[in-house]
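Each chain, letter by letter, is given below.
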Amino acid sequence: EAGVAQSPRYKIIEKRQSVAFWCNPISGHATLYWYQQILGQGPKLLIQFQNNGVVDDSQLPKDRFSAERLKGVDSTLKIQPAKLEDSAVYLCASSPHRQATNEKLFFGSGTQLSVL
Amino acid sequence: GQQLNQSPQSMFIQEGEDVSMNCTSSSIFNTWLWYKQDPGEGPVLLIALYKAGELTSNGRLTAQFGITRKDSFLNISASIPSDVGIYFCAGHFPGTASKLTFGTGTRLQVTL
């Protein structure tokens with residue numbers, strides 16, 4: 001079974017530029033998540049999708065971050081404009097479960113973003 | 001805010017030694033999950049705990065859900081070099097069923 005695919009693997013941009021990350025979840029997984037992991041910290045949830053609808057985006061900085069999940073499968077996360085503090089690994093995860101407390105997430109390898 | 005604190009922050013042990021790490025919460029938890037993250041990869045689920053007092057094993061790994069619901073520990077017996085990585089606890093605070101909160105992590109190094 002193929003895992004969660006993310007691209008690109010690495011991205012280096014200058015501050016105020018725009019960047020986009022792509023995620024393809026495990027086939028059949030209804031729930032998709034984007035997490036931000038700053039160096040030395042645990043992952044922090046940015047946004048959760050159930051199919052193509054947003055379940056939780058309370059920690060997404062909506063003035064610069066946006067995300068969409070076209071047709072309930074692939075997802076893109078965009079930052080526009082980027083700030084230095086956005087440097088982090090952006091992890092995508094998916095889950096087949098609908099009951100949140102029983103969720104077991106499958107993570108991709110992440111996109112490492114460096115903002116200079 | 002709600003936090004998960006892990007200790008120790010890092011550990012250096014010799015191959016064959018046993019390891020113990022724990023996680024404490026500022027509030028009660030409904031679920032405790034333990035993940036391992038290898039360098040350059042995403043976290044992988046090791047053990048899931050759903051009831052206070054629950055003790056669960058997965059090979060050389062054993063984890064327990066604290067009776068107070070505010071803590072959990074993870075033990076690794078007879079460590080091997082591939083145990084190297086960062087171990088995260090995670091869980092759902094009551095009322096936040098859709099949001100998985102991760103701890104600060106314990107970095108484990110195993111020397112031969």
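Our structure is the block above this text.
A.B. asks: Explain the state of the cysteines residue by residue, including any values.
C.D. replies: Residues and elements named next belong to chain A. Within the structure shown, the criterion is met by 2 disulfides over all chains. Linked covalently through their sulfurs, Cys-23 and Cys-92 form a disulfide whose S-S length is 1.9 Å. Torsion about the S-S bond of the Cys-23 and Cys-92 cystine: about -70°, corresponding to left-handed handedness. Within this pair, whereas Cys-23 is found in strand β3 (residues 19–24), its partner Cys-92 is found in strand β9 (residues 88–95), the two being separated by 69 residues in sequence. Note on accessibility: Cys-23 and Cys-92 belong to one class, buried.

A.B. asks: I'd like a description of the sheet that holds strand β7 (residues 65–68) of chain A, backed by residues and values.
C.D. replies: All names here are of chain A. Strands sit in the order β1-β3-β8-β7 across an open sheet of 4 strands; the sheet is antiparallel. Since the sheet does not close on itself, it has two edges, and those belong to β1 (5–7) and β7, each with one partner. Strand-to-strand twist across the sheet, computed as the mean angle between neighbouring axes with direction ignored, equals 15°.

A.B. asks: Quick rundown of the packing of aromatic side chains? Include the residues and the values.
C.D. replies: Applying the stated criterion across every chain yields a total of 11 aromatic pairs over all chains. Between Tyr-33 of chain A and Tyr-35 of chain A, the aromatic rings sit 6.2 Å apart at their centres with planes inclined by 35°, giving tilted as the arrangement. Judged by its relative accessible area of 1%, Tyr-33 of chain A falls in the buried class. Overall, the relative accessible area of 0% leaves Tyr-35 of chain A in the buried class. Between Phe-107 of chain A and Phe-102 of chain B, the ring centres sit 6.1 Å apart and the planes meet at 75°, which makes this aromatic pair edge-to-face. Residue Phe-107 of chain A is found in strand β10 (residues 106–107), and its partner Phe-102 of chain B is found in strand β10 (residues 101–102); the two belong to separate chains. Among the aromatic residues, those joined into a ring-pair cluster are Tyr-33, Tyr-35 and Phe-107 of chain A together with Tyr-35, Phe-88 and Phe-102 of chain B.

A.B. asks: Give a description of the nonpolar core that names residues and reports values.
C.D. replies: Nonpolar side chains tend toward joint burial in soluble globular proteins. Residues Trp-32, Leu-74 and Leu-108 of chain B are the most contacted members of the largest nonpolar core, which totals 22 residues. What Leu-108 of chain B contacts, discounting residues up to four positions off in sequence, is Met-11, Ile-13, Val-19, Ile-76, Asp-83, Val-84, Gly-85 and Tyr-87 of chain B. With 21 residues, the next largest nonpolar core counts Val-4, Leu-46, Leu-77 and Leu-113 of chain A among its residues.

A.B. asks: Could you give an account of the sheet that holds strand β8 (residues 71–76) of chain B, naming the residues involved and the relevant values?
C.D. replies: All names here are of chain B. Taken together, 5 strands build an open sheet; the order of strands is β1-β3-β8-β7-β6 and the sheet is antiparallel. Each edge of the open sheet is held by one strand with a lone partner, namely β1 (4–7) and β6 (55–58). The mean inter-strand angle of the sheet, taken between neighbouring strand axes irrespective of direction, is 15°.

Procedures and definitions
Residues numbered from 1 in each chain as written. Chains lettered and ligands numbered in written order. Predicted model: local features only at pLDDT ≥ 70, side-chain atom pairs only at ≥ 80, totals over all residues. Heavy atoms only, no water. Disulfide = S-S within 2.5 Å. Helix = DSSP H or I, 4+ residues; strand = E, 2+ residues; numbered from the N terminus. Buried < 20%, exposed > 50% of the residue type's maximum accessible area, 1.4 Å probe, protein only. Pairing = 2+ DSSP bridges. Axes fitted to C-alpha atoms, helices over the stretch in contact; angles between N-to-C directions. Phe/Tyr/Trp six-rings, centres within 6.5 Å; stacked < 30°, edge-to-face > 60°. Core = buried A, V, L, I, M, F, W, Y, C linked by side-chain atoms within 4.5 Å. Contact = heavy atoms within 4.5 Å.

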